[in-house]
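# A structural walkthrough
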Amino acid sequence: MGATSDTGAKQVVTRFAPSPTGFLHIGGARTALFNLLFARHHGGKFLLRIEDTDRARSTDQAISAILDGMRWLNLDWDGEEVYQFSRAARHAEVAREMLANGHAYKCFATAEELEAMRAEQKANKQPLRYDGRWRDRNESEAPAGAPYVIRLKAPREGAVTIEDHVQGPVTVNNAELDDLVLLRSDGTPTYMLAVVVDDHDMGVTHVIRGDDHLNNAFRQLPIYRAMGWEEPEYAHIPLIFNPDGTKMSKRKNAVAVDEYRDALGILPEALSNYLLRLGWGHGDDEIISREQAIEWFELSGVGRSPSRFDLKKLESLNGHYIRASDDARLASLVAARLGFELSESQADLLRRSMAALKPRAANLLELSEGAGFLFRTRPLELDEGAKALLEGDARALLAQLHTALDGVESWDTEALEAAVRTVAEDAGVKLGAAAQPLRAALTGRRTSPGIFDVLALLGREESLARIADQMTVPA
Ligand code: GLU
């Protein structure tokens, strides 16, 4: 069976249709990823549509946040992104076409009238729904020049079943849906109309989105049918929840992609891999490259229950990708976080330190923190933990270490280790007891990469000077 067997000969077209709210939500990023993978798997197209009809929120900044986040995550869309607001005239044109062919009608009900209608429905404990009062009335019954909206003449009988690729078959009775507004009295299109017209015009074959839009599908399908347009296939994916099962919210977890990049120091391939696994599975595989994901991705692998966000798991994947990452790339990511310009030799030192630093870092913050000792200036300011390590006999031990290290001929990790071991043995202490004060003197902290790596990276002169600085108790 070929990769396109389940979609026939038609080219697959998917889209991601974010509303610019100021940032790219990680749930949105996952939706985009699934759309991209599905399209790529089938050799189709993945499009991007910015749903910028809310003019107050859709600032350039909000739009950039989405585009930047997508690029950072390597979610490359095909062609130019489409801006929904710019298509308003086309949306209105379709509403008028539906009016002309009898699938829509003008509703002259005033706001007060609709308010009274709802109040009555409420009092009678009926569902709040437009009652179709203008559905069969003639325009001539309205006062001349009165404002009107255009409403869809939705089917009232029967039911609609969607064979959703994730949710399975879902049925809604048409009686439960009212005649939705397509065009407002000021001539602007509604969201429901805009989405359908855009999806149709963009040739979207598969609508893959969050399951908070499942109900919308039942309002959108009648528009396709009224226009005689080919209906898309649907896949509504469960939302992402907090670990405690509540809806993912800013208060409990970072929700913006750029927070994961900036504040949490996550690599894009780690976030992408994590988001893929969040709600989609392929056996027990955890580490999945983009290429592999494209090869494997099927909607049948998307789970039906909500996924729970687990930062620990993300960090563990991130640690994997940090270890797998090229040293030069990591060094430049760390350099950007240090807050000062590095000289060429410092940049080189940073790159050489990556091999020793990356095995212990779960994120770029830890990696940067781990690299901090390289650039501290003498005499080092010790933190409390490091100060504690230099109490008692430690300073005397440092003097012996200084002598031994000064005598090392070739400054490499093997020779350095041999020298430190000898000092420890002579002093009758374990290697760790010698290494800890050394670490405090060399890094100003109580944790660091392996002490012999630290010595090797700092070099003879700087190492001996930092040790000498701490040999005597400061005044
Ligand atoms: N703009 C909608 C959102 O950001 C998505 C619409 C859709 O995918 O149909 O939630």
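Residues numbered from 1 in each chain as written. Predicted model: local features only at pLDDT ≥ 70, side-chain atom pairs only at ≥ 80, totals over all residues. Heavy atoms only, no water.

### Some details on the sheet that holds strand 8 (residues 181-183)
- Ordered by their spatial adjacency, three strands build an open sheet running 4-5-8, and the pairing between neighbours is antiparallel. The open sheet is flanked by strand 4 (104-107) and strand 8, the only strands paired with a single partner. Between one strand axis and the next, the sheet turns through 45 degrees on average, direction left out of account.
- The sheet contact formed by strand 4 and strand 5 (residues 149-152) spans four bridges and is antiparallel. Paired with K106 across the two strands is I150, which belongs to strand 5. (Pairing = 2+ DSSP bridges. Helix = DSSP H or I, 4+ residues; strand = E, 2+ residues; numbered from the N terminus. Axes fitted to C-alpha atoms, helices over the stretch in contact; angles between N-to-C directions.)

### Digging into the packing of helix 15 (residues 394-406) against helix 18 (residues 451-471)
- Put simply, helix 15 and helix 18 touch, their axes get as near as 9 Å, and they point 140 degrees apart. As far as their axial angle goes, helix 18 and helix 15 are oblique. Along this stretch, helix 15 crosses helix 18, giving a crossing that reads as left-handed. On helix 18, the residues touching R395, L398, A399, H402, L405 and D406 of helix 15 are L455, R460, L464, I467, A468, Q470 and M471.
- Among the residues forming the contact of helix 15 with helix 18, the class breakdown is eight nonpolar, two polar and three charged. (Parallel < 35°, antiparallel > 145°, perpendicular 65-115°, else oblique. Left-handed = near helix turned anticlockwise from the far one by under 90°. Contact = heavy atoms within 4.5 Å. Nonpolar A, V, L, I, M, F, W, Y, C, P; charged D, E, K, R; others polar.)

### With respect to the sheet that holds strand 2 (residues 45-50)
- The sheet built from three strands is open, its strands ordered 1-2-3 with parallel pairing. Edge positions in the sheet fall to strand 1 (13-16) and strand 3 (82-83), since each of these pairs with one other strand and no more.
- The pairing of strand 1 with strand 2 spans four bridges and is parallel. What sits directly across from R15, in strand 2, is L47.
- Against the sheet, helix 1 (residues 26-41) contacts strand 1 and strand 2, and its axis sits at roughly 165 degrees relative to strand 1.
- Helix-sheet contacts for helix 2 (residues 60-72) involve strand 1, strand 2 and strand 3, and the interaxial angle to strand 2 is about 160 degrees.

### So, the site of the ligand
- Around the ligand lies a shell formed by R15, A17, P18, S19, E51, Y191, V195, R209 and H213.
- The separation between an oxygen atom of the ligand and a polar side-chain atom of R15 is 2.7 Å.
- A17 is positioned such that a nitrogen or oxygen atom in its backbone is 2.7 Å from a nitrogen atom of the ligand.
- Compared with its free state, where it exposes 300 Å², the ligand has 80% of that area covered by protein.
- Broken down by class, the residue content of the shell around the ligand amounts to four nonpolar, two polar and three charged. (Near = heavy atom within 4 Å. Polar contact = N/O pair within 3.5 Å; in protein donor to acceptor, adjacent residues only side chain to side chain. Areas by Shrake-Rupley, 256 points an atom, 1.4 Å probe, with all protein chains shown as cover.)

Geometric values such as these leave the question of function open.
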